[in-house]
Amino acid sequence: MRSDGLSADVEYDRPSAARVYDYYLGGSHNFAVDREMARAAIAMWPELPQIMQANRAFLRRAVEFLVGQGITQFLDIGSGIPTVGNVHEVAQAAEPDARVVYVDIDPVAVAHSREILAGDERTAVVHADFLDVDAVLGSAEVARLLDLSQPVGVLLVALLHFVPVDADPAAAVARYRDTMAAGSYLVVSHATQEGQPRRADEHQALYRRTSTPMTMRSRAEVAALFTGFDLVAPGVVFLPQWRPDRDEVVDDRPERFTGLAAVGRKN
Amino acid sequence: MTRGPHGGHEGPEGVARAWADAIAGTSFVPLKPGELVACLLGHTRRLAAILHGSEFDPAQARDVGVDLVSAHFTGAETLGRTLDVLGECLPLLVDARVTPDATRRLCRTLGALAAGYAAALREATIIEQEEIGRAVLLARCEAEAKLLASEKRFRAMFTEAAIGIGIGDLDGRILEVNPALTRMFGHSAGQFTGLNVSDMVHPDDAPDVWRLYEDLVLGRRDDFRTEKRFFRADGSIIWTHLTVSLVRDEDGAPHYQVAMLEDVTERVRLQSSVEHLAYHDPLTGLPNRALFTQRLEAAFETPIQFGRIGLCLLDLDGFKRINDSLGHHVGDALLVAIAERLASCCTAQQFVARMSGDEFIFLASPSTLRQLRELAERVLAALSTPISLGAHELRVSASLGLVDREVAQTTPADLMSAADITLYRAKRDGKGHYVAFDREYTDRERARITMSATMPRAIDDGEFFLEYQPLVPLCGAAAMSGVEALLRWRHPTLGLLGPDQFVGLTEETGAIVPLGRWVLATACAQARSWRAEFGDRAPLLSVNLAPRQLEEPDLVGEVAAILADTGLDPAHLQLELTEQAVMRDEPGPIDALRALDRMGVRLVIDDFGTGYSNLSYLSRLPVHGLKLDASFLTQIRTPENTAHDDELIMSTLVSLAHGLGLTVTAEGIETRAQLVRVRSVGCDVGQGWYFARPGTPESISSELRASSSTTRDALPAEPGAAG
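Residues numbered from 1 in each chain as written. Chains lettered and ligands numbered in written order. Predicted model: local features only at pLDDT ≥ 70, side-chain atom pairs only at ≥ 80, totals over all residues. Heavy atoms only, no water.

### Points about the overall build of chain A
A tally of helices and strands in chain A yields 10 helices and eight strands. Per-residue burial for chain A yields a buried fraction of 59% across its 267 residues. Partitioning the contacts of chain A with sequence separation of at least 6, the portion at a separation of at least 24 is 72%. As presented, chain A carries roughly 10,300 Å² of accessible surface, and 50% of it is formed by carbon and sulfur atoms. (Helix = DSSP H or I, 4+ residues; strand = E, 2+ residues; numbered from the N terminus. Buried < 20%, exposed > 50% of the residue type's maximum accessible area, 1.4 Å probe, protein only. Contact = heavy atoms within 4.5 Å. Areas by Shrake-Rupley, 256 points an atom, 1.4 Å probe, with all protein chains shown as cover.)

### Considerations on helix α19 (residues 555-566) of chain B
The end-to-end C-alpha separation of α19 of chain B is 17 Å, in line with the 16 Å expected for 12 residues at 1.5 Å each. Positive phi appears at Gly-567 of chain B, one or two residues downstream of α19 of chain B, with a value of about 80°. (Expected span 1.5 Å × (residues − 1).)

### Topic: the interface of chain B and chain A
Tallying the contact residues gives 29 residues for chain B and 35 residues for chain A. Taken over both partners, the interface formed by chain B and chain A buries close to 2,700 Å², and the fraction arising from carbon and sulfur atoms is 62%. Between chain B and chain A we count three salt bridges in total. The salt bridge partner of Arg-114 of chain A is Glu-142 of chain B, with a shortest N-O separation of 3.4 Å. One can count 10 residue pairs in polar contact (both at pLDDT 80 or more) joining chain B with chain A. Counting only elements with at least two residues in the side of chain B that touches chain A, the list comes to α2 (33-52) and α5 (102-160) of chain B. Of the residues that constitute the side of chain B that touches chain A, the class distribution is 11 nonpolar, 10 polar and eight charged. (Buried area = accessible area lost by both parts, 1.4 Å probe. Salt bridge = Lys/Arg side-chain N within 4 Å of Asp/Glu carboxyl O. Polar contact = N/O pair within 3.5 Å; in protein donor to acceptor, adjacent residues only side chain to side chain. Nonpolar A, V, L, I, M, F, W, Y, C, P; charged D, E, K, R; others polar.)

### Considerations on the environment of Arg-122 of chain B
Topologically, Arg-122 of chain B is positioned in helix α5. Sequence spacing of Arg-122 of chain B and Val-69 of chain B is 53 residues, and the spatial spacing of their C-alpha atoms is 9.6 Å.

### Examining the pairing of strand β18 (residues 602-608) of chain B
All names here are of chain B. Of all the seven residues making up β18, five are buried; the element is thus mostly covered by neighbouring parts of the structure. Relative to β18, strand β17 (residues 573-578) is paired through five bridges, and the arrangement is parallel. Paired with Gln-574 across the strands is Arg-602, a residue of β18. Bridge analysis of β18 against strand β19 (residues 625-628) gives three bridges, and the strand direction is parallel. Counted as the bridge partner of Phe-608 is Leu-628 from β19. (Pairing = 2+ DSSP bridges.)

### Remarks on unusual backbone geometry
Here the amide bond leading from Ala-233 of chain A into Pro-234 of chain A is cis, since omega sits at 10°, within 30 degrees of zero. Along the polypeptide, Pro-234 of chain A turns up in the loop between β6 (229-231) and β7 (237-238). Phi is positive for Asp-168 of chain A, close to 55°, though the residue is something other than glycine. By the element assignment, Asp-168 of chain A lies in the loop between β4 (153-157) and α8 (169-179). Residue class for Asp-168 of chain A comes out partly exposed when judged on its relative accessible area of 40%. Within the chain, Asp-607 of chain B stands out as a residue other than glycine whose phi angle is a positive 50°.

### Remarks on the confidence of the model for chain A
Interpretation of the predicted coordinates at a detailed level should be avoided for regions scoring low in pLDDT. Overall, the prediction assigns chain A a mean pLDDT of 86, with 88% of residues at 70 or greater. Residue range residues 1-8 of chain A is modelled with pLDDT below 50. Its contacts to residues more than four positions away, or to other chains, number 13 contacts. (pLDDT = per-residue confidence, 0-100.)

### Quick look at a nonpolar patch on the surface
On the surface, a nonpolar cluster with roughly 210 Å² of combined accessible area is contributed by Leu-615, Leu-656 and Leu-660 of chain B. Along the chain, Leu-660 of chain B turns up in the loop between α23 (644-659) and β20 (663-666). (Patch = residues over 30% accessible without salt bridge, like charges linked within 9 Å, V, L, I, M, F, W, Y side chains within 5 Å.)

### Here we look at the packing of helix α4 (residues 78-93) of chain B against α5 of chain B
Residue and element names in this part refer to chain B. Running from N to C, α4 and α5 cross one another at 160°; their axes reach a closest spacing of 11 Å. With respect to their mutual orientation, α4 and α5 come out roughly antiparallel. The chirality of how α4 crosses α5 is right-handed. Two secondary-structure elements touch here, α4 through Thr-78, Leu-79, Thr-82, Leu-83, Leu-86, Gly-87, Leu-90 and Pro-91 and α5 through Leu-106, Leu-110, Leu-113, Ala-114 and Tyr-117. Looking at the contact of α4 with α5 residue by residue, the classes come out as 10 nonpolar, three polar and no charged. (Axes fitted to C-alpha atoms, helices over the stretch in contact; angles between N-to-C directions. Parallel < 35°, antiparallel > 145°, perpendicular 65-115°, else oblique. Left-handed = near helix turned anticlockwise from the far one by under 90°.)

### Some remarks on empty space enclosed by the protein
Residue and element names in this part refer to chain B. In this structure the tally under the stated criterion is four cavities of 30 Å³ or more. What the largest cavity holds in volume is close to 270 Å³. Around the largest cavity, the lining is made up of 21 residues, and of these Val-197, Met-200, Phe-230, Leu-242 and Ala-259 lie nearest the centre. Going through the elements one at a time, β1 (164-168), β2 (174-177), α6 (179-185), α8 (209-217), β3 (223-231), β4 (237-248) and β5 (254-263) are the ones with two or more residues in the lining of the largest cavity. In terms of residue class, the lining of the largest cavity is made up of 17 nonpolar, three polar and one charged. (1 Å grid on protein atoms, 1.4 Å probe; cavity = no way out; pocket = protein on both sides within 12 Å on 5 of 7 lines; lining within 4 Å. Points joined across faces, edges and corners; volume = space filled by probe spheres on them.)

### Quick notes on the packing of α2 of chain B against α4 of chain B
All names here are of chain B. The N-to-C vectors of α2 and α4 enclose an angle of 60°; their axes lie 10 Å apart at closest approach. One element, α2, and the other, α4, form an angle in the oblique class. The way α2 lies across α4 gives a crossing that is right-handed. Contacts between α2 and α4 pair Thr-44, Leu-47, Ala-48, Leu-51 and His-52 from the former with Leu-86, Leu-90 and Leu-93 from the latter. Partitioned by chemical class, the residues of the contact of α2 with α4 number six nonpolar, two polar and no charged.

### Some thoughts on the packing of aromatic side chains
Taken as a whole and judged by the stated rule, the model has 13 aromatic pairs over all chains. Ring pairing ties together the aromatic residues Phe-58, Phe-65, Tyr-185 and Trp-242 of chain A, which thus form one cluster. One residue, Arg-425 of chain B, lies across the ring of Tyr-441 of chain B, its end atom 3.9 Å from the ring centre. (Phe/Tyr/Trp six-rings, centres within 6.5 Å; stacked < 30°, edge-to-face > 60°. Lys NZ or Arg CZ within 6 Å of the ring centre and 35° of its normal.)

### Thoughts on the nonpolar core
Counting residues in hydrophobic clusters, the biggest one holds 75 residues, and the most contacted among them are Phe-502, Leu-541 and Leu-573 of chain B. For this core, the element with the highest residue contribution is helix α17 (residues 512-534) of chain B, accounting for 10 residues. Not counting residues within four places of it along the chain, the set of residues in contact with Leu-573 of chain B comprises Leu-520, Cys-524, Leu-540, Leu-541, Val-543, Val-559, Leu-563, Leu-568, Val-601 and Arg-602 of chain B. Among the nonpolar cores identified, the runner-up in size contains 49 residues, and Ile-51, Phe-58, Leu-155 and Ala-261 of chain A belong to it. (Core = buried A, V, L, I, M, F, W, Y, C linked by side-chain atoms within 4.5 Å.)

### Overview of the sheet that holds strand β6 (residues 308-317) of chain B
Residue and element names in this part refer to chain B. With respect to topology, five strands assemble into an open sheet ordered β7-β8-β6-β11-β12, the strand pairing being mixed. Pairing within the sheet leaves two strands with one partner each, and these edge strands are β7 (350-356) and β12 (434-436). Across the sheet, the axes of successive neighbouring strands diverge by a mean angle of 20°, strand direction being ignored. Here strand β11 (residues 397-406) pairs with β12 via three bridges, running parallel.

### Section: the side chain of Asp-106 of chain A
Residue and element names in this part refer to chain A. Mapped onto the fold, Asp-106 is located in the loop between β2 (99-104) and α5 (107-117). No salt bridge forms around the buried Asp-106; measuring N to O, its nearest opposite-charge neighbour Arg-19 is 4.5 Å away. Beyond its immediate stretch of four places on either side in the chain, Asp-106 contacts Ser-16, Ala-18, Arg-19 and His-127. (Lys, Arg positive; Asp, Glu negative; His and termini not counted.)

And the structure:
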């Protein structure tokens, strides 16, 4: 994918992380290549669908938490294929005026999102690279829907493990942070090798086949992304451990859900 | 595993919980755990109602299947587990006694649910596939639209660009050119595409351009930039700033080439005119000093190619007079006319530049002295014809200094200074001719220049010192009646210099005045100390006085002051003057001599007999003695070798001097034969290496001490033994 988006060659002959994710969630917004890869991953790691569902559930809980903190505008970067449990659905269920801007680099995910969200005046979709902070924050959609002088929820859910070390994701996060008003929230979930290092390596190798290879990070590395934020309790934890719903039974082996989750408030 | 009623959960709630447990995690459903159970409880009640219904209608169970799909219970395992748990648990909600045909009802209900589920899932799958397919299409359309827009922008850039752009394949065939390029070259696009890059050669291309091009098409470099000339369609020249870039294919192999050309013809033209101005004399159009210097240095940078290099420096004679009398405009016109003539004298290897004012220089490289002389002859001949400037018919001559040297043995600066000195000599020796380089003369001149430059501080730096040479009576027993103070210069680079090497120069520059004062003061102080030690046996001090010193208005006062300062009796000082100095018919020097004489200082004529002496002045001047020039003795080194005429003149001079009451000193006595001769003609005092070489004050003191303790023969046995 060229960063300027100037390629007529929209890739569906290679698996896409967004469509593979959709498959894990039980959707059919995917192609044979995506399913083939998803099945290979599941064969290696049977809990993967559960992990992805846990991630989606974390997203829901985090959005609900943010709405509870008074956040009514969201910037969801790396939003992927909007299947079920989208941010605007969750947010607007609690706060009908909530506004959401989705951002993704995958042109197919963006086109699909636009189709689904057509007619919803409170949502918009931007085709941009997370790393191109100016393109994201300078987009007409952000200008139209978000008031960055007010607190905003920035969601980087299951995104940053697709940003390699060389691209310096922490620097990009810092640039978003610097434009966020005090009282804003950063939501991150991130694949980690902690708990299951061997499987994690194999999984990373598998994702090298996609246009979005994977870089897993440790708890400390994830925590470091929150420089300038106060981590909300319980801090950086495995996905199901982050503020589980009342009467929800947290899995007795949460490390099987090899994703870390955290929410921070800009101070 | 599912938890059935055997696990202790009763009623629809128990079934709903067992169902939720069974399908949890099979697909993502955006519900909280409590909401999930509540949702399934609703479905459980609907199913129970179907089973209980008085009119059994299993088709209603289809809707439950449809609702499950729309709530995203879409996982591959979801339906199977649902049927499992419902098949086991639903009968527990049905009272088989009340409901007839319970088992059949259950089967048909679950069958309807499964059918509804399958139909809905099929529909949802198709819809989602269509959606994602449409999304791909949309994404591609958008990308293509962007690409098209981009293509349009690039096309516009290509078409509207002010710089010329051409695209060619690797064989050099020109495939496409933009309008700017066609305008620059005057070719149509069609004519261009018939051309090959190799048709674009200009004979004066920089040698590496085509090598760079070769490297580029072979993929060894990605681009190059250069300035290159091309022929336009009409044959005129266009200068371009050319950038050629290689475009590679996806595998990195060379694909085609893109050339961008900026028309810099005007800039090059301007640059060359600026360059011309910087390197040429605006008046005559000749190369200027800067260009000459550059050429000269360039000639030195390729010494193997050019064995010898020649300079001919030319200065017009009397140009200032023409300028002053006829005005600068005439002077300028004359210079222009002369420049033309000089330029016409050059051969292919020769080059003329205007250095400054009326000074021109020829550089010949390679050169021989013969060629330089021929050049000089041509120049003199070219200038011999009068130059007509309006009403004026001007005759000009020039002096030329020629220098021709091996490049390896000289430097540009050395060569220039040799040319300067040689030209100076040509001027001094009479103008209107040329003089060729003479090594000895040049070295001497250089030494003179060095000396005159370094002399002013040499006195302060203590580089001058005095030696003393004994004056010995030729009759009687006294070993030494006097000493002559002789000036020496220990020069830091030229070495030890005698007065003949620099006194002439000091007279020219006027440095002789302070120097002479220093000599007199130093020598007088020394003589006074000898007086203090040796009393009457101390030698008479004889000091040379240069003609220029005699012209100093306050000479007498200065001598008196020095004598007073040092405490030396004037009678113990003798001043040696040259004939030329005293014979001038001016009152000043004569008055000074008379005053010195009155003061009691002895005066002698030095180097007597070398000039055309007017003997009559001897009687009019207050002199006390003569020093016969050493040249009288040069013919008399051995007793056999005697020039009778010299001897006759000598004896006549001595008689004349004695007749006038003057003492006679013979200088330059080096052999015993010479001593015998000067004694025989009656000279009174002798001086020369035969007696002693000039020595330090200490050597004189030692001599005096030695002669006081022993009685010595007046004549030493060996020449120089006392020195």
